[in-house]
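Residue-level structural notes
Letter by letter, the chains look like this.
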Amino acid sequence: MSDQDQDNPRRDFLRKSLTLIPVVTVASTGLGGSMLMATPEPAQAAPAKPAASDNAYEPTYFTAEEWAFINAAVERLIPADAQGPGALEAGAPEYIDRQMNTPYASGALWFMQGPFNADAPPEMGWQSKLVPKEIYRLGIAATDAWSKAFNGKAFAAQDSATRDDMLRRLEAGGSEVAAHFETVPPKMFFNLLLQNTKEGFFCDPIHGGNKGMVGWTMIGFPGARADFMDWVERNEQYPFPAVSIRGERA
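All of these numbers come straight from a predicted model, not from anything done at the bench. (Residues numbered from 1 in each chain as written. Predicted model: local features only at pLDDT ≥ 70, side-chain atom pairs only at ≥ 80, totals over all residues. Heavy atoms only, no water.)

Some thoughts on the packing of helix 7 (residues 160-172) against helix 9 (residues 186-202)
Remark: helix 7 packs on helix 9, axes separated minimally by 7 Å, with the N-to-C direction vectors making an angle of 115°. Two secondary-structure elements touch here, helix 7 through L167, L170, E171 and A172 and helix 9 through P186, K187, F189 and F190. Here the residues of the contact of helix 7 with helix 9 are counted per class, giving six nonpolar, no polar and two charged. (Axes fitted to C-alpha atoms, helices over the stretch in contact; angles between N-to-C directions. Helix = DSSP H or I, 4+ residues; strand = E, 2+ residues; numbered from the N terminus. Contact = heavy atoms within 4.5 Å. Nonpolar A, V, L, I, M, F, W, Y, C, P; charged D, E, K, R; others polar.)

Printed below as a string of structure tokens:
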């Protein structure tokens, strides 16, 4: 790692994130564990088409209001900067929406019988009666209600500084925030959102995120190449572009 990398907090954050998230499948953690290649469940009726380009992705699970929240939130969790595109440009919202139509999102992959212990270690598995798709639906509604109580605007309509502050408060999960979250713990919602955003930034493009392999390119990861072990011990930049599962090159 060069001195320039060490002086760049964003690159360091993303590099550390990658060490926790396998790129072909998602880590089997308490808030991860997506079965990315699982057969999708029947999709709900698609919401109104978001205002964007003609080729914009149309969500199949999130409503128009929820979709606006997802886009606004991931844009602040991994923002674009001089080092490259952020989670929004990388397609993390598409990745998250596509995950909502898999068995992962409905908890079909886990043991879902109580009792649930919120303080149990991650090795004990999922510890909530809520499943990811419910956490998103309830968490977005609670966040928007909290946001509107503050100044009448939904989360997506807030300026960047206000959104950053709200996300920090969600992460902390203090009593001020918890009062607005009666149906889902704010920290649980934030942790799931952050985990899935990082997954969407670093996954193989076949899953909807990491478009153009921007996440891999930023940290110098070679992607789904068959073999790159001869470069692991070298103190120099990997010279070849990242390759996706489909064989696309960055």
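Don't stop here, the text continues.
Things to note about the packing of helix 3 (residues 64-77) against helix 9
Where helix 3 meets helix 9, the closest approach of the two axes is 10 Å, and the angle between their N-to-C directions is 75°. On the basis of the axis angle, helix 3 is roughly perpendicular to helix 9. Residues F69, I70, A73, V74 and L77 of helix 3 pack against F189, F190, L193, L194 and T197 of helix 9. The class makeup of the residues in the contact of helix 3 with helix 9 is nine nonpolar, one polar and no charged. (Parallel < 35°, antiparallel > 145°, perpendicular 65-115°, else oblique.)

What to know about the pattern of salt bridges
A side chain with one charge can pair with a side chain of the opposite charge if their charged atoms come near. Inspection of every chain in the model, using the stated rule, returns eight salt bridges. We note a salt bridge from E75 to R163, for which the minimum N-O separation is 3.4 Å. You can see E75 sitting in helix 3 and its partner R163 sitting in helix 7, a full 88 residues away along the chain. A relative accessible area of 22% places E75 in the partly exposed class. In this structure, the salt-bridge partner of E94 is K211, at a minimum N-O distance of 2.8 Å. A residue pair is termed long-range when its members are at least 10 positions apart, and E94 in helix 5 (residues 92-99) and K211 in the loop between helix 9 and helix 10 (214-219) qualify at 117 residues. (Salt bridge = Lys/Arg side-chain N within 4 Å of Asp/Glu carboxyl O. Buried < 20%, exposed > 50% of the residue type's maximum accessible area, 1.4 Å probe, protein only.)

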